[in-house]
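What follows is each chain in one-letter form.
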Amino acid sequence: MRNRVFNPIGTVALVTGASSGLGAGYARELAQRGADLVLTARRQERLEGLAVELAEKYGTVSTVIPLDLAAPGGVAELVNDLHSRDITIGTLVNNAGFATSGDLVDADPARLAEEVSLNVAALTALTRALLPDLLHTSRAQPASAALVNLASTAAFQPVPGMAVYGATKAYVLSFTEALWYETRASGLKVTAICPGAVDTEFFEVAGRRPDSRRALLTVAEVMRTTFAALDRASTPPHAVSGLRNTVLAGVAGRLPHRAVVNAVGRMNRSGPTA
Ligand SMILES: NC(=O)c1ccc[n+]([C@@H]2O[C@H](COP(=O)([O-])OP(=O)(O)OC[C@H]3O[C@@H](n4cnc5c(N)ncnc54)[C@H](OP(=O)(O)O)[C@@H]3O)[C@@H](O)[C@H]2O)c1
């Protein structure tokens, strides 16, 4: 087993979107490393089921806060709830997010607004609200605190057929890398995680099927990428999950931009949709 540098034992980690997929994976991994958890998403029973599982397996104390982070006042409600319970967050995993498949002209405007609200506005507001806690924890207990933001390989180039999603993830990558720099002297571990397609409920929610020609990443693989990044003495500003995705992300930045947009558009819009 590789050397564990990131050690959140005795701290509290907040995972958004913990009711499914990658979020549940982050909660399990953080609990296994000794953190207590705040679990949030809209589906309360799922969160409570996960809390019971983590208590049984690891003795984790979980606080379940079910709410809609995309709704007006959602982030403020979460932050007020944390304050009223006197919970200081040491690790924040901004994981909740979703995509909308199809051309913009056909999309439901209300759904697009919700997507930007969750993927961009809530992530930004929650990070701003909790960053002082993260920095405080990182100073008090070195290598115990982290900010993990879920970007995507969609962050590296425009994504015709999921235009808003690609743009929100480009924002997450840019925002996180800037914070990586701003906080570099604090010891806080800051990174944007960029998976390619992962086997979760993501595609069902987006209204499309994943490309059947390519194997999906597993949640476990994305956890390995994330915690390998956190276990580095110097955590990188972003980490891509999957070798093929790492190569493609690197290539996208070197090819003529028009060719990249054309290629992604052909691939994405001719792909099978549900
Ligand atoms: N799967 C992929 O292929 C892939 C690839 C790259 C990046 N990502 C990113 O990874 C993150 C996790 O996605 P996933 O693959 O695990 O998808 P998922 O299984 O669909 O999980 C999404 C999570 O977000 C929560 N969520 C959605 N809307 C919410 C809202 N309004 N308020 C609060 N929570 C909300 C969902 O919980 P509730 O429905 O219970 O609220 C769920 O727990 C996302 O940011 C996604 O963009 C995924």
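Residues numbered from 1 in each chain as written. Predicted model: local features only at pLDDT ≥ 70, side-chain atom pairs only at ≥ 80, totals over all residues. Heavy atoms only, no water.

Peer 1: I tried to follow the overall build of the chain on my own but got confused; where do I start?
Peer 2: The helix and strand inventory of the chain stands at nine helices and seven strands. Its C-alpha atoms give the chain a radius of gyration of 18 Å, near enough to 19 Å, the size a compact globule of 274 residues would have. The principal-axis extent of the C-alpha atoms belonging to the chain is close to 50 × 35 × 30 Å. Carbon and sulfur atoms make up 55% of the accessible area of the chain, which totals about 12800 Å². Side chains of the chain give 26 positive and 24 negative charges; the mean places of these two sets differ by 10 Å. (Helix = DSSP H or I, 4+ residues; strand = E, 2+ residues; numbered from the N terminus. Rg over C-alpha atoms; globule rule 2.2 N^0.38 Å. Areas by Shrake-Rupley, 256 points an atom, 1.4 Å probe, with all protein chains shown as cover. Lys, Arg positive; Asp, Glu negative; His and termini not counted. Charge placed at Lys NZ, Arg CZ, Asp CG, Glu CD.)

Peer 1: Is there a simple way to think about the site of the ligand in this case?
Peer 2: Looking at the ligand, there are 30 residues lining it, with Ser20, Arg42, Asp68, Tyr165 and Thr200 nearest. Measuring from an oxygen atom of the ligand, one finds a side-chain N or O atom of Arg42 at 2.7 Å. Residue Tyr165 places a side-chain N or O atom 2.6 Å away from an oxygen atom belonging to the ligand. Protein chains shield 96% of the accessible area of the ligand, which is 890 Å² for the free molecule. Where the shell around the ligand is concerned, the elements lending two or more residues are helix 1 (21-32), helix 5 (163-182) and helix 6 (202-206). In terms of residue class, the shell around the ligand is built from 16 nonpolar, nine polar and five charged. (Near = heavy atom within 4 Å. Polar contact = N/O pair within 3.5 Å; in protein donor to acceptor, adjacent residues only side chain to side chain. Nonpolar A, V, L, I, M, F, W, Y, C, P; charged D, E, K, R; others polar.)

Peer 1: Honestly, the packing of aromatic side chains in this entry has me stumped. Any pointers?
Peer 2: In this description, an aromatic ring pair is defined by two values, namely the gap between the centres and the angle between the planes. Using the criterion set out here, one finds five aromatic pairs in the structure. Centre to centre, the rings of Tyr165 and Phe202 are 5.3 Å apart; their planes meet at 55°, and the pair counts as tilted. Here the residue Tyr165 occupies a position in helix 5, and Phe202 occupies one in helix 6, the gap between them amounting to 37 residues. For the ring pair Phe202 and Phe203, a centre distance of 5.1 Å and an interplane angle of 85° mean the geometry is edge-to-face. Connected via pairs of aromatic rings, a cluster forms that spans Phe6, Tyr26 and Phe227. The side chain of Arg184 reaches across the aromatic face of Tyr181, ending 3.7 Å from its centre. (Phe/Tyr/Trp six-rings, centres within 6.5 Å; stacked < 30°, edge-to-face > 60°. Lys NZ or Arg CZ within 6 Å of the ring centre and 35° of its normal.)

Peer 1: What should I look at first to understand the pairing of strand 6 (residues 189-195) in this one?
Peer 2: Most of strand 6 is tucked away, with seven of its seven residues classed as buried. Of the two faces of strand 6, the one carrying Lys189, Thr191, Ile193 and Pro195 and the one carrying Val190, Ala192 and Cys194 are both buried. Of the strand pairs in this sheet, strand 5 (residues 146-150) and strand 6 are connected by five bridges, and their pairing is parallel. Across the sheet, the residue bridging to Val148 is Thr191, located in strand 6. Following the chain from strand 5 across helix 5 to the adjacent parallel strand 6, one finds a crossover that is right-handed. Pairing of strand 6 with strand 7 (residues 238-241) involves four bridges; the strand directions are parallel. Each residue of the ladder has a partner; that of Ala192, found in strand 7, is His238. (Buried < 20%, exposed > 50% of the residue type's maximum accessible area, 1.4 Å probe, protein only. Pairing = 2+ DSSP bridges. Right-handed = clockwise from strand over helix to strand, strands pointing away.)

Peer 1: Would you mind showing me how to read the pattern of salt bridges here?
Peer 2: Side chains that differ in charge, positive against negative, can pair when their charged atoms come close. A complete count under the given rule lists nine salt bridges for this structure. Across the pair Arg46 and Glu201 runs a salt bridge, and its minimum N-O distance is 2.8 Å. With a gap of 155 residues between them, Arg46 in helix 2 (residues 44-58) and Glu201 in the loop between strand 6 and helix 6 connect regions that are remote in the sequence. Using a relative accessible area of 36% as the deciding quantity, one classes Arg46 as partly exposed. Classification of Glu201 as partly exposed rests on a relative accessible area of 25%. Shared partners join several salt bridges into a network, and the residues in it are Arg28, Glu53 and Lys57. (Salt bridge = Lys/Arg side-chain N within 4 Å of Asp/Glu carboxyl O.)

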